[in-house]
Amino acid sequence: MAADTPPKVLFEHEGVFIHSNEDSEEQDLLVSGFLRLIDKDGETIVEYKPLEDTVDPSNMLCAGKDSSSVMEWAQCPGEERSTPQQAVVVEQQSYETEWDMINAVSFPKRKPCCNGEGALNNTHEKSKWAFTFSVWDLRSITVKEEGWSRLVFRLKEPPTSLPALHFHQGGSEGFLDCLRRYALITEAPDDETCLLVSTPNRALSQSFENLLDDNNYGLVTKLKNDPYTTTLGGFSKVTNYIFDAFRGPELEQQQRPPEEVADLDILGLGEVIPGLEINQQEEPGFEVITRIDLGARPEVTRRQPLSAEDWAENQEKEGRMKNVPRLKKIIFKGGLCHAVRKEAWKFLLGYFPWDSTYEERKGLQRRKTDEYFRMKLQWKSVSEEQERRNSRLRDFRSLIEKDVNRTDRTNRFYEGIDNPGLVLLHDILMTYCMYDFDLGYVQGMSDLLSPILYVMENEVDAFWCFVSFMDQMHQNFEEQMQGMKTQLIQLSTLLRLLDLSFWNYLESQDSGYLYFCFRWLLIRFKRELSFPDVLRMWEVIWTGLPCQNFHLLVCCAILDSEKLKIMEENYGFNEILKHINELSMKLDIEEILHKSEAICMQIRSCKDLPHSIIEILGFNTESELPRLEGRVFGTPLDSPQSPRPTQRQEVFSNGHNGHYREPPHNGCKVTFIS
């Protein structure tokens, strides 16, 4: 059980003092103690504990090697001297209970000493000056030098400043260096003595909890009883968490009431992702354009899924695939029939090279099988005793077991008790922790594996296809959420190009950065589409056609279909969240893919695209576009060919010519002027 997990000490330093009379003219009474950083059930805890007695500065504190005992200390008049052994007993009795003191910080006023007695009872003194808090609740640290280093911790809610800790014997830098491994620490722009603390990993993990957990998967029952609260609640919570991570600690004091959302202009995204700022004014080096009329959206056609016969016709005698660009386009245009998926997905995901022979693929599978089971044996052979000393592996296993038991349980491949599909799901995810221990397991990854295992029906093949998929999705699950931040900004940029009036409306409702699309991007529409439609969507995206980041155009297509309802009904922030959430399992995949491809062709037909759009969609040079289209989209297919978009002159809605300046090498910054 997680509650029985022994805490792990990450950092410990003894000889850290509190000056009890620091703010008065009376002589300081020094409280000596030790400072610890602790990992307890995956949470980083800061703990300060006084040693067994307060001391007068005129006396010398001499601590033994065991930091939980004091070997010699000052004796106050009239007080019976304790033995070191008694001190250890007091420490041990109170030690375990104080592990659970998280966010329970209390500082009673100091009672004056009576009759000349200079010290209070040891236990009372400890409870008075000891404090414990989670790094998640830490807002800032003030660092001052006055012959020695002094640190003052300030918590978030309620805003609380803890007693200053004085490092008379050094150690403050070691503490801060260790803390930097578990939190993002930056210098305040207006105060070099103030270090701002943020923990984006908490926002990420809680985002997954609220988006993917669905409160222990009681979502169906809750939807029947209270659909509004259920759908809105999950999205509201995850949005708040993401805002906290994106905004940065220095801006938390500007937070608006809970029923509202922070102004997106103060989120500081430009500082988080250099080169991707979206600015409201022209600055040197910015690409400034007027609103562009993209012209009519072209009609596109789709075709039937690629059959097993069509697949076989594109294989040479030795097994090499031929006409790969044409084959990819057929898959993009219609997907695959299910009988082909088990083999074709291995090529689409890069597990099998397109030019490999049957024999080469057999050899590859033998090597990959050996490699997989060596990694599987690593975690299988860990004893319970070893795992008790490996908190990360223990946490990974706990989270995987929790998620596996509720992933796609309505699918026949995973339904029922003791289903072998669940065992494979668990084992593959545990083995992936051995493959990529830095990332390990994060909620949401089981959603990405489930369809792959369903199609492969083979543990080893499913693992290596999952590895290839995770190579594409890795940044979505990293602690800093860099991949998610980038995609949300890119999506916002695309939507502003496609429909500036709709984007302006969303911006006016505090939704301009499209946080309600978080789940779409995180797990590639896994929770928005039916299981068969997810298979179709993923294989289409994996072709890499017709452009880079096609999944962002899928998002644009969905929003394009919903914009009239959102704007005509004058939806606010909460209503937008609710509406987007309720689209789950109601989307028509063929309509979405039609519109997504048409949007791509519409954008590509634009003569002078903003540089940022070219970078997002991979339209690297103007001269390359016809070549790409001729190679991949100009090949005749059995189905009717999609009409080619006509080239046209760019029309600006306000009658002014667009001004283009070469963007700086470190990225493009764009302003749209309506």
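Each chain has its residues counted from 1, following the order in which its sequence is written. For this predicted model, a pLDDT threshold of at least 70 governs which residues receive local features, and a threshold of 80 or more governs which side-chain atom pairs are given and counted, while totals over whole chains, interfaces and linings are taken from all residues. Hydrogens and water are ignored here; the side-chain numbers use all heavy atoms of the structure.

Numbering of helices and strands starts at the N terminus; helices are DSSP runs of H or I of at least 4 residues and strands are runs of E of at least 2. Regarding its fold elements, the protein chain presents 25 helices and 16 strands. In the protein chain, which comprises 674 residues, the share counted as buried stands at 54%. Should any heavy atoms of two residues lie within 4.5 Å, those residues are considered in contact. Excluding contacts between residues fewer than 6 apart, the proportion of contacts in the protein chain whose partners are at least 24 apart in sequence is 71%. With the model as given, the accessible surface of the protein chain reaches about 31,300 Å², and the carbon-plus-sulfur share is 49%. The rule is simple: take the accessible area with a 1.4 Å probe, protein chains only, and divide by the maximum for that residue type; under 20% is buried, over 50% is exposed, in between is partly exposed. Only the protein chains shown count as cover for residues, and all accessible areas are computed by the Shrake-Rupley method using a 1.4 Å probe.

Topologically, Asn476 is positioned in the loop between α16 (459-473) and α17 (482-498). Classification of Asn476 as buried rests on a relative accessible area of 4%. Distance in space between the C-alpha atoms of Asn476 and Leu521 is 8.2 Å, their sequence separation being 45 residues. Polar contact is the term for a pair of N or O atoms within 3.5 Å; when the atoms are in protein, one must be able to donate a hydrogen and the other to accept it, and sequence-neighboring residues count only if both atoms are side-chain atoms. At a separation of 3.0 Å, a polar atom in the side chain of Asn476 contacts the main-chain carbonyl oxygen of Leu521.

Here Leu545 and Pro546 are connected by a cis peptide whose omega angle stands at -5°. Positionally, Pro546 belongs in the loop between α20 (531-542) and α21 (550-568). Its identity is not glycine, yet Met481 carries a phi of approximately 55°, on the positive side. Structurally, the position occupied by Met481 is in the loop between α16 and α17. Residue Met481 is classed as buried on the basis of its relative accessible area, which comes to 0%. Unlike most non-glycine residues, Leu514 shows phi in positive territory, near 60°. When you line up the elements, Leu514 lands in the loop between α18 (500-508) and α19 (518-522). According to the relative accessible area criterion, Leu514 is buried, its value standing at 0%.

Helix α14 (residues 420-435) packs onto helix α13 (residues 391-404) with a crossing angle of 150° between their chain directions and a minimal axis gap of 10 Å. Accordingly, the angle class assigned to the pair α13 and α14 is roughly antiparallel. In this structure, α13 crosses over α14, and the sense of that crossing is right-handed. Contacts from Leu393, Phe396, Arg397, Ile400, Glu401 and Val404 of α13 reach α14 at Leu422, Leu425, His426, Leu429, Met430, Cys433 and Met434. Axis geometry follows a simple rule: fit a line to the C-alpha atoms, using only the stretch in contact for helices, then measure angles between N-to-C directions, giving values from 0 to 180 degrees. In this scheme, roughly parallel covers angles under 35 degrees and roughly antiparallel covers those over 145, while 65 to 115 is roughly perpendicular and the rest are oblique. Note on convention: near helix rotated counterclockwise from far helix by under a right angle means a left-handed crossing. Clockwise means right-handed.

In this section: the packing of α21 against helix α22 (residues 573-581). One can describe the packing of α21 onto α22 by two numbers: an axis separation of 12 Å at closest approach and a directional angle of 135°. By the angle between their axes, α21 is oblique relative to α22. Crossing handedness for the pair α21 and α22: right-handed. Residues Leu559, Glu562, Lys565 and Ile566 of α21 touch α22, and the partners they reach there are Ile576, His579 and Ile580. Taken together, the residues of the contact of α21 with α22 break down into four nonpolar, one polar and two charged. Residues are grouped as follows: Ala, Val, Leu, Ile, Met, Phe, Trp, Tyr, Cys and Pro are nonpolar; Asp, Glu, Lys and Arg are charged; every other residue, Gly included, is polar.

Our focus in this paragraph is the pattern of salt bridges. A pairing counts as a salt bridge when a side-chain nitrogen of Lys or Arg comes within 4 Å of a carboxyl oxygen of Asp or Glu. Taken as a whole, this structure holds 29 salt bridges when the rule is applied. Salt-bridge contacts for Asp177 lead to Arg180; the nearest nitrogen and oxygen are separated by 3.0 Å. On the basis of relative accessibility, which here comes to 43%, the residue Asp177 falls in the partly exposed class. For Arg180, a relative accessible area of 38% translates into the label partly exposed.

This paragraph deals with the side chain of Ser596. You can see Ser596 is positioned in helix α23 (residues 589-604). When its relative accessible area of 0% is taken as the criterion, Ser596 is described as buried. Discounting residues that sit within four places of it in the chain, Ser596 has contacts with Phe550, Leu553, Val554 and Ala557.

Another aspect to go through is the nonpolar core. Ranked by size, the top nonpolar core spans 124 residues in total, and within it Trp311, Ile452, Phe477, Met537 and Ile603 carry the most contacts. Ignoring sequence-local partners within four residues, the contact set of Ile452 consists of Trp345, Leu349, Ala462, Cys465, Phe466, Phe469 and Trp542. As used in this record, nonpolar core signifies buried Ala, Val, Leu, Ile, Met, Phe, Trp, Tyr and Cys residues forming a set joined through side-chain atoms within 4.5 Å. Formed by 30 residues, the second largest nonpolar core is a distinct cluster that contains Val31, Leu35, Tyr48 and Leu155.

Centre distance within 6.5 Å is the pairing criterion for rings of Phe, Tyr and Trp, where only the six-membered ring of Trp is used; planes under 30 degrees apart are then read as stacked, over 60 as edge-to-face, and the remainder as tilted. In the structure shown here, the tally under the stated rule is 29 aromatic pairs. For the pair Phe131 and Phe133, a centre-to-centre distance of 6.2 Å together with 15° between the ring planes defines the contact as stacked. For the residue pair Phe131 and Phe133, the accessibility class agrees, reading buried in each case. Ring centres of Tyr432 and Phe466 lie 5.2 Å apart, and the angle between their planes is 70°; on these two criteria the pair is classed as edge-to-face. Of this pair, Tyr432 sits in helix α14 while Phe466 sits in helix α16, placing them 34 residues apart in sequence.

This brings us to the side chain of Ser134. Position of Ser134 relative to the elements: it lies in strand β6 (residues 131-134). Of the polar contacts made by the side chain of Ser134, one reaches the side chain of Glu43; its length is 2.8 Å. Side-chain polar atoms of Ser134 contact the backbone nitrogen of Trp136, separated by 3.1 Å.

Our next topic: α22. The element α22 is largely enclosed, with a buried count of seven among its nine residues. All of the buried residues in α22 are Phe573, Ile576, Leu577, Lys578, His579, Ile580 and Asn581.

So, on to the environment of Ala462. Inspection of the secondary structure assignment puts Ala462 in helix α16. Under the relative-accessibility criterion, Ala462 is labelled buried at 0%. Here Ala462 is in contact with Ile428, Leu449, Ile452, Leu453 and Met456, once residues within four sequence places are set aside.

Looking now at helix α11 (residues 358-380). By definition here, a helix of n residues has an expected span of 1.5 Å times n minus one. For α11, which comprises 23 residues, the first-to-last C-alpha distance of 32 Å matches the rise-based estimate of 33 Å (1.5 Å per residue) to within 8%. On its buried face, α11 sits against α10 (338-348), α13, α14 and α16.

Glancing now at a negative patch on the surface. Patch building starts from residues that exceed 30% relative accessible area and form no salt bridge, then joins like charges within 9 Å and nonpolar side chains (Val, Leu, Ile, Met, Phe, Trp, Tyr) within 5 Å. His is not counted here, nor are the chain ends, while Lys and Arg score as positive and Asp and Glu score as negative. Positions of charges follow a simple convention, taking NZ of Lys, CZ of Arg, CG of Asp or CD of Glu. Together, Glu187, Asp190, Asp191 and Glu192 give the surface a local cluster of negative charge. Relative to the helices and strands, Glu192 is located in strand β12 (residues 191-198).

All right, on to the confidence of the model for the protein chain then. Confidence in the prediction for the protein chain averages 74 pLDDT; 65% of positions are at 70 or higher. Ignoring residues within four places in sequence, the model shows residues 203-289, a span with pLDDT below 50, making 187 contacts including any to other chains. Below pLDDT 50 for its whole length, residues 621-636 participates in 23 contacts with residues either more than four positions away or in separate chains. Summary of the metric used: pLDDT quantifies the predictor's per-residue confidence within the range 0 to 100.

So, about the environment of Met445. Note on placement: Met445 falls in helix α15 (residues 445-456). Note: C-alpha distance between Met445 and Phe466 (21 residues apart in sequence) is 9.4 Å.

Now for the state of the cysteines. A pair of cysteine sulfur atoms is labelled a disulfide when the two atoms are within 2.5 Å. Within the structure shown, the criterion is met by zero disulfides. The structure places no disulfide on Cys555, whose sulfur is separated from the nearest cysteine sulfur, that of Cys517, by 5.3 Å. Given the relative accessible area of 0%, Cys555 is considered buried.

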